[in-house]
Each structure stands twice: as C-alpha cells, then as structure tokens.
Amino acid sequence: MATRIVSQEEREKQNYYMQCVRDFNSGRAVRPAACIKTFGCQMNEHDSEKLAGMLERMGYELVPDETAGKYEGRFCDLILFNTCCIRENAEEKVFGHIGALKGAKREKPELLTAVCGCMTEQPHVVEEIKRKYQNVDIIFGTHNLHRLPEFLYGALIDGRRVCELSHTEGEVAEGLPVKRASAWKAWVTIMYGCNNFCTYCIVPYVRGRERSRRRSNILQEIEELAAGGVREITLLGQNVNSYGRDLEEPEQRESFAALLSAVCERTAGSSLRRIRFMTSHPKDLSEELIEVMAKYPSVCNQLHLPVQSGSTEILRRMNRRYTREQYISLVEKIRDRIPGITLSTDLITGFPGETEEDFRETLELVRMLRFDMAYTFIYSPRVGTPAAADPDQVAEELVKDRFSRLLELQNAISREKNEACTGKTFEVLCEGVSRTNPARLTGRTEGNKIVNFTADGICAADAEGKFAKVYIDAAQTWSLEGRALEWEEL
Ligand code: SAH
Ligand code: SF4
Ligand code: F3S
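Along every chain, residues carry numbers that run from 1 in the direction the sequence is written. For naming, the first written chain is A and the first written ligand is 1, with later ones following in the order written. Side-chain atom pairs in this predicted model are given and counted only at pLDDT of 80 or more, local residue features only at pLDDT of at least 70, and totals for whole chains, interfaces and linings cover all residues. Only hydrogens and water are set aside; all other atoms, that is, all heavy atoms of the structure, feed into the side-chain values.

Draft legend 1. Local environment of the layout of surface pockets. Here a cavity denotes grid points, spaced 1 Å and computed from the protein atoms alone, that fit a 1.4 Å probe unable to get out, and a pocket denotes an open set having protein on both sides within 12 Å along at least 5 of 7 lines; residues with an atom within 4 Å of a point are the lining. Grid points are joined across faces, edges and corners, and a volume is the space filled by probe spheres set on the points. The volume enclosed by the second largest pocket comes to roughly 390 Å³. What lines the second largest pocket is a set of 17 residues, among which Gly340, Thr342, Asp372, Phe426 and Lys449 lie closest to the centre. Residue composition of the lining of the second largest pocket, grouped by class: 6 nonpolar, 5 polar and 6 charged. Three classes are used, and their members are as follows: Ala, Val, Leu, Ile, Met, Phe, Trp, Tyr, Cys and Pro are nonpolar, Asp, Glu, Lys and Arg are charged, and the others, Gly among them, are polar.

Printed below as a string of structure tokens:
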C-alpha cells in the first residue's frame, strides 16, 4: 500500500491538544520540566528530538536528567523513555531504569512516566509493563509518536492511564516541531520501517513496513538545515538503499542515489559540508550509488555496510540475500571506485546453526577485508522472529568464546588501521570538549574516525561545529590523537 502522510485534520487535532496542555502548564506555579531517556539507534535519537520539540511547545523545559538543574534531588514532572529492543540486554536496561523509578511517585505524586519506542510495539512487553510497573502512566508506540499531545492530555488533564498502540501501518508525520540536540550536526530520517525480515531481527515487527518521506519534504528540511548553518547531516533509514520504492506518485519514486545527488546539488556551496547516510543493506547497494558517492565531495568517504556473517550458509539462514562472495566483490568494487574509503560493519556471533567452520569463515572475511571498525554482537533471540524458534541455538560458552576471538581480531585490525593514520593530517569537524580528557577537544574525520586533539588557545565553545586541520601523532583502537594545526575562520 502506498505511504500516507498524517492528515491535516489529525494535525489540527494534535495542535489543539498541544495548546490545551500548554495552557494547563502555564497555569502552574513553576514551569514543569521533562526528561527524555533515549535508548537504541540514531532513529530513536532523532525521534526523541521530535518528542522534545513537542514537549517544549507544550510548555516543558527539557532537562538532561530526571533530577537535574533546579530539580536537583527532586524529580522532574515528566520522564519519557524512548526504548529499544534490538537485543535482550537493551530491553533489560530499560526495565531496570523504569523499575528504579517505582518509588518516585511516592516522593512526587504528580510525576508522569511515559514509555514509547520499539519495546512497546511488542504485545508481551506492554502486558509486562502494565502488570509489573504501575508507575507507568502513558504507553505508546513507534507509529503514533505524533499523537504525544493527545496522550499527555489524557494522563495530565483527564488523569487516565493511557495505553495507545496503533497496530495499523504507520503514516508519515511531517512538520512536527524538532528540538535538535546539536546546532551543527543533524539527523534527517528519509524513511521509516523495514521490509527485509532478516530472521534474527525485531525491527520489521516494531517499526512496520518501509515508508519513504517525499523527496520534496526531505529536500526542504535539508535546505533549511543548510541555511541555518548545519555542517553535517546523516540521512537515516533501516535500509536507505530501498528509499522511494513505496512512494505513490511516479515522479517521486526515485532511487536513493538520485535523492542523494539532489541533496548534494541543492546544498552545494552552503555551510553543509558533510553528508552521511545509514544503513545500507549490501543486497541493495547500487552502482549508481557508488558513482554518486564518488562524484560529490560532500558525500563522506565512509560507508557502514553490515555483513553480519562471513558464511554463505549462515547468511542464507539469516535471510540476508547475498553470499560471502557477493559481499566481497561489492567491497572490492567500492574500494576500487572510492580509494581510501572508511568501511565499517556489523557482525553477529552465535546465530543459530553457526558451526566452528562458519565462524572461521567470518574471521577469515574480517582478516581479508580489514574493516576500519566493526560492531560485534552476540546473537540475542527476539520473541516472534524465525531464528528465535530455531532448535539449533548455539551453546552460550561457545558463543562467548567466538565473540572474544572476533573482538580480539577486529580490535587488532582497527588499531593497525588507526596507526596507519599517524603522521598524516586530517580535516576534523570539532564536536566540543573530549569526554575522556577535558583538556582536549574531540571531533571526527570525514571517515568518521574519532579524533581527540589539543588546540592551544582555542576555546571549545568557539571551536564546536568548526573544521580544523589536525595532525595525528598517536592511535588507539577506537580513536586517534593529535593537535590542531589550523582552523577555518573562528
Ligand atoms: N537496519 C540496519 C541495522 C539494524 S540493527 C541493518 O540492516 O544493518 C543494528 C545491528 O544490530 C544489526 O546490523 C545486527 O548486526 C544487530 N542485530 C540485530 N538484531 C540482532 C539480534 N537479534 N541479536 C544480535 N544482534 C542483532
Ligand atoms: Fe533488521 Fe535486516 Fe531490516 Fe536491518 S535490514 S533492520 S537487520 S530486518
Ligand atoms: Fe533502533 Fe533499537 Fe528500534 S536499534 S529501530 S531503537 S529496536
């Protein structure tokens, strides 16, 4: 079915609730504070920016921690958990946080707790929250995030416990207020959902089918960001390479490569200098996209291309729809066309049926392709996915052993690759003060490598969002170290 946009009527309804909550809040003695706790991927990070935008319009002050700022030692008025369920430990973490707040209502009876995001799209999780966590007042999902004003109205003004999960396919909501976490770096969602049904993955169940935003809406948003001084954007989708396939108007139905080149053309000469995108499914990465990446300097020389396993048999069982050989030749083609490109990947160990032989094929592929970076995961069975029902689950001690062997190998490669950067100078977009050492600044190269660096006499507030040429004098496994040689105008 073609993707629909949330109707004008529905938007007006939400605006009405927004106004009601705002009026209610402006009648309070102190401006209420809200805290959003975000778990999971960039999609969720960006969804939280929209939730924050709506909350701010409803009169809330956004605080970074539930007991932060003027609320030191006291709870804020609203805590919203935007959750992830990609692996079991992600879910456990969220339950731990919600459970820790059980006593908070005794301390502050008017405190509202809301839970949304991927976890709440699973019926068994919603049942558990309802049963065990009486402190949760509002539950909603990923498809109806734009209805937050209505849900908040229900809990705050009507005093109801709200549980609203739209099980229908989501519509695309345009024009929501967004409170972006950064003034110079922005996420832009180009599509929602996933159609791929990799057999281990919960995402298609909790995020629904692929829904692309219209090209005109995406371009308008990006032009506004560029005009507002943003330096770097990341186009987001679970599989950006299938962008546009679901759009109804033929003139809108274009490939991701065509969208990307339109983004580059429209923002050429603006403050926007870096364009990234994620994630790319190897089965859909086209030659056309490689050409666009090679052609436009603003598309970063960096690609995240999850392989998951080096064994064709495991890839088949994962429903990835490419073979080991196809993946290898794709990487060769990309490296050939875009020399020096930084490549990262995702790897799962212990997928059901994985033998020592399969695992060795993964090690061998990693050794051969030498990714700059790899995110390695232990397979986690997810309720309702085909792989979870596979009787061939791998014994825990085997998986742990394989995981540490893989990690050791990849860490050594990451370090070697980083060491090869020493003695060179890279353009780094400064992100502010380094978390590990406040005397240094931090930023990223075009290849997305983290650089911690010194910059004599430069104040972090002035440097944030600015490009510096940084000389690299040391390498770590996950980052580079260096010193700034020169800055663009500060
Ligand atoms: N859409 C993206 C990212 C999906 S989630 C893609 O297709 O690559 C990010 C990563 O989490 C996946 O690439 C996969 O490596 C990992 N992952 C997903 N489900 C998992 C599971 N059940 N157990 C372990 N890792 C998982
Ligand atoms: Fe999950 Fe596969 Fe979709 Fe990625 S492409 S979100 S791993 S089902
Ligand atoms: Fe992202 Fe986690 Fe949902 S990885 S799409 S927030 S399950």
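Draft legend 2. Helix α10 (residues 287-295), seen in detail. Along α10, the positions that sit buried rather than exposed are Leu289, Ile290, Val292 and Met293. Down the axis of α10, the smallest arc covering the buried residues is 160°, so these residues share one side. Exposure is judged per residue with a 1.4 Å probe applied to protein chains only, and the accessible area is read against the type maximum: over 50% gives exposed, under 20% gives buried, and values in between give partly exposed. Helix numbers and strand numbers start at the N terminus; a helix is a DSSP run of H or I with at least 4 residues, a strand a run of E with at least 2. This arc corresponds to the set of directions leading from the helix axis out to the C-beta atoms.

Draft legend 3. Expanded view of the site of ligand 3. We call a residue near a molecule or strand whenever a single non-hydrogen atom of that residue lies within 4 Å of it. As a matter of local geometry, ligand 3 sits amid Gly40, Cys41, Asn44, Cys84, Cys85, Ile86, Cys118, Arg207 and Gln238. Its residues assigned to classes, the shell around ligand 3 comprises 5 nonpolar, 3 polar and 1 charged.

Draft legend 4. Representation of the packing of helix α13 (residues 356-369) against helix α14 (residues 396-419). Following both chains from N to C, one finds α13 and α14 inclined at 10°, their axes separated by 10 Å at the closest point. When the axes of α13 and α14 are compared, the pair comes out roughly parallel. Here Glu356, Phe359, Arg360, Thr362, Leu363, Val366 and Arg367 of α13 lie close against α14, whose contacting residues are Arg402, Arg405, Leu406, Leu409, Gln410 and Ile413. Counted by class, the contact of α13 with α14 contains 6 nonpolar, 2 polar and 5 charged residues. Helix axes are fitted to C-alpha atoms over the stretch in contact, other axes to C-alpha atoms as well, and angles between N-to-C directions run from 0 to 180 degrees. Comment on the angle field: the value is read as roughly parallel under 35 degrees, roughly antiparallel over 145, roughly perpendicular from 65 to 115, and oblique elsewhere. Contacts: residue pairs with any heavy atoms within 4.5 Å of one another.

Draft legend 5. Structural detail: the pattern of salt bridges. Here a salt bridge means any side-chain nitrogen of Lys or Arg lying within 4 Å of a carboxyl oxygen belonging to Asp or Glu. Within this structure, the stated rule accounts for 48 salt bridges. For the salt bridge of aspartate 284 with lysine 283, the shortest nitrogen-to-oxygen distance reads 2.7 Å. Glutamate 481 is the salt-bridge partner of arginine 440, the closest N and O atoms lying 3.9 Å from each other. With a gap of 41 residues between them, arginine 440 in the loop between β15 (425-433) and β16 (441-445) and glutamate 481 in strand β19 (residues 479-487) connect regions that are remote in the sequence. Of the residues examined, arginine 440 reaches a relative accessible area of 16% and is grouped as buried. Three or more residues are tied together by salt bridges with common partners; here these are Glu354, Glu356, Arg360, Asp401, Arg402 and Arg405.

Draft legend 6. Broad picture of the packing of aromatic side chains. Stacked, edge-to-face and tilted are the three classes for Phe, Tyr and Trp ring pairs, Trp counted by its six-membered ring, which pair at centre distances within 6.5 Å; planes under 30 degrees apart are stacked, over 60 edge-to-face, the rest tilted. For the structure shown, the criterion picks out 12 aromatic pairs. Between tyrosine 327 and phenylalanine 371 the ring centres are 6.4 Å apart and the planes differ by 55°, which places this aromatic pair in the tilted class. Pair noted here: tyrosine 327 is in helix α12 (residues 324-337) and phenylalanine 371 is in the loop between α13 and β14 (373-378), with a separation of 44 residues, a long-range link. Judged by its relative accessible area of 1%, tyrosine 327 falls in the buried class. Take phenylalanine 371: its relative accessible area is 0%, and that puts it in the buried class. Connected via pairs of aromatic rings, a cluster forms that spans Tyr16, Tyr17 and Tyr153. As a reminder, the over-ring test applies to NZ of lysine and CZ of arginine, requiring each to be within 6 Å of the ring centre and within 35 degrees of the ring normal. The side chain of arginine 87 reaches across the aromatic face of phenylalanine 377, ending 3.8 Å from its centre. The ring of tyrosine 133 has lysine 102 lying over it, and the distance from NZ or CZ to the ring centre is 4.8 Å.

Draft legend 7. Structural view of the sheet that holds strand β18 (residues 467-475). Strand order in the closed barrel formed by 5 strands is β15-β16-β17-β19-β18, and the pairing between neighbours is mixed. Sheet twist, expressed as the mean angle between neighbouring strand axes with direction ignored, is 50°. Two strands are said to pair when DSSP picks up at least two bridges between them.

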